[in-house]
Amino acid sequence: MSAPETPLLRVVRGNPSDAELAALTAVVAAAAVARAPEPAPKRESWWADKAALVRAPLAPGEGAWRASALPR
């Protein structure tokens, strides 16, 4: 047996018409959808990442060739 569902909206005071309740429900539903987080875009491949092309220039000096391959 499933538990009875609780209503999402409850009229506390007044007597709204069906059109007013429908408008309120539409506004609340739109606000809930607007606040929903968007899924993160799926990364296709690290090899295809264009951000790897943008990096700091290499500094000449002793051990620079070794330091060029180290992550920053």
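Up top is the structure.
Residues numbered from 1 in each chain as written. Predicted model: local features only at pLDDT ≥ 70, side-chain atom pairs only at ≥ 80, totals over all residues. Heavy atoms only, no water.

**Some words on the overall build of the protein chain**
The helix and strand inventory of the protein chain stands at two helices and zero strands. Put simply, the protein chain has 72 residues, and 0% of those count as buried. Put simply, the protein chain shows about 7700 Å² of open surface, and 62% of that area lies on carbon and sulfur atoms. (Helix = DSSP H or I, 4+ residues; strand = E, 2+ residues; numbered from the N terminus. Buried < 20%, exposed > 50% of the residue type's maximum accessible area, 1.4 Å probe, protein only. Areas by Shrake-Rupley, 256 points an atom, 1.4 Å probe, with all protein chains shown as cover.)

**Some details on a nonpolar patch on the surface**
A grouping of L8, L9, V11, L21, L24 and V28 is seen on the molecular surface, where their side chains present a nonpolar patch of about 540 Å² in accessible area. A residue is classified by how much of its surface remains accessible, and L21, at 32% relative accessible area, is partly exposed. (Patch = residues over 30% accessible without salt bridge, like charges linked within 9 Å, V, L, I, M, F, W, Y side chains within 5 Å. Salt bridge = Lys/Arg side-chain N within 4 Å of Asp/Glu carboxyl O.)

**Things to note about the environment of L21**
Position of L21 among the secondary structure elements: in helix α1 (residues 18-35). Here the alpha-carbon distance between L21 and R10, two residues eleven residues apart in the chain, equals 10.0 Å. When near neighbours in sequence (up to four residues on either side) are disregarded, L21 contacts V11 and P16. (Contact = heavy atoms within 4.5 Å.)

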